[in-house]
Amino acid sequence: MVRVGLTAERVARAGAELADEVGFEHVTPSAVARRVGVQVASLYSHVRNAEDLRVRIALLALQEMADRGDAALAGRAGRDALVALGATYRDYAREHPGRYAAAQLRLDHELAMASAGPRHSAMMRAMLRGYELTEPDQTHAVRLIGSVIHGYITQELGGSFDHSEPGPQQSWERILDALDSLLRHWPQEGQR
């Protein structure tokens, strides 16, 4: 019997909450079923399997971060946009570490293109308009910024910066300054 009011969206949200509490890697259909008060078999009326549950949590996280990013970037350009975008991802990861991890889940191409993922790329490219980069450098810059921001957040969440000075906030600010400088002085191809 299906619990009244239980939907695939509610199951995904319950899974996302659980991911934030125990880690995305520990989210299972049985744990989510316990959380929402149903038998595992009833949960499968709303999600196909464990992978479907994981994908739904990832899609939810991508959507939430894109919504925050759109709001944070409105009316900003250049360094201000870079700082706002970085803060959006970092703050989200701190508030929702399990969801942030879920957002890194590899999706098949079709699903990725239908998700909020392309909005993240569009936000990066909108931010880069303040730096006047053209292709293919714009794509290189998107990949660089994503790698730096995600790498820093992942290391910070993992406790890598807990036992040394200066503190992580100071390093974060210096990294954003360095990215801003690099983007303003992007090397031309062939320039070494």
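See above for the structure.
Only a predicted model underlies this, so the values are computations on that prediction, with no experimental measurement involved.

Cut-off values and rules
Residues numbered from 1 in each chain as written. Predicted model: local features only at pLDDT ≥ 70, side-chain atom pairs only at ≥ 80, totals over all residues. Heavy atoms only, no water. Helix = DSSP H or I, 4+ residues; strand = E, 2+ residues; numbered from the N terminus. Buried < 20%, exposed > 50% of the residue type's maximum accessible area, 1.4 Å probe, protein only. Contact = heavy atoms within 4.5 Å. Axes fitted to C-alpha atoms, helices over the stretch in contact; angles between N-to-C directions. Left-handed = near helix turned anticlockwise from the far one by under 90°. Nonpolar A, V, L, I, M, F, W, Y, C, P; charged D, E, K, R; others polar. Salt bridge = Lys/Arg side-chain N within 4 Å of Asp/Glu carboxyl O.

Novice: How should the environment of His-46 be read in this particular structure?
Specialist: Relative to the helices and strands, His-46 resides in the loop between helix H3 (40–43) and helix H4 (50–73). Relative accessible area serves as the criterion here: at 14%, His-46 is assigned to the buried category. Distance from His-46 to Val-11, taken between C-alpha atoms, is 7.4 Å for residues 35 residues apart in sequence.

Novice: Whenever I open this one, helix H2 (residues 29–36) confuses me. Can you help?
Specialist: Every α-helix winds through 3.6 residues per turn, so residues three or four apart in the chain are directed the same way. Listing the buried residues of H2 in full gives Pro-29, Ala-31, Val-32, Ala-33 and Val-36. Those residues of H2 hidden inside the fold are in contact with helix H1 (8–22), H3 and H4. Just downstream of H2 lies Gly-37, where phi reads positive at about 80 degrees.

Novice: Quick question: what am I supposed to make of the packing of H4 against helix H5 (residues 78–95) here?
Specialist: How two helices pack is summed up by the angle between their axes together with the distance between the axes. Where H4 contacts H5, the two axes come as close as 9 Å, and the packing angle between them is 145 degrees. Between H4 and H5 the crossing geometry is right-handed. Judged by residue contacts, Ala-61, Glu-64, Met-65, Arg-68, Gly-69, Ala-72 and Leu-73 of H4 engage Ala-81, Ala-84, Leu-85, Thr-88, Tyr-89, Asp-91, Tyr-92 and Glu-95 from H5. Among the residues making up the contact of H4 with H5, the classes are represented as nine nonpolar, two polar and four charged.

Novice: Help me understand the pattern of salt bridges, please; the structure alone is not making it clear to me.
Specialist: For side chains of opposite charge, pairing can occur when their charged atoms come near one another. One pass over the structure, following the stated rule, counts 18 salt bridges. Asp-52 is the partner of Arg-48 in a salt bridge, and the nearest nitrogen-oxygen pair spans 3.6 Å. Asp-52 gets classed as buried once you look at its relative accessible area, which sits at 7%. Connected through salt bridges with shared partners, the residues Glu-9, Arg-13, Asp-20, Glu-64 and Arg-99 form a single ionic network.

Geometry only, nothing functional implied.
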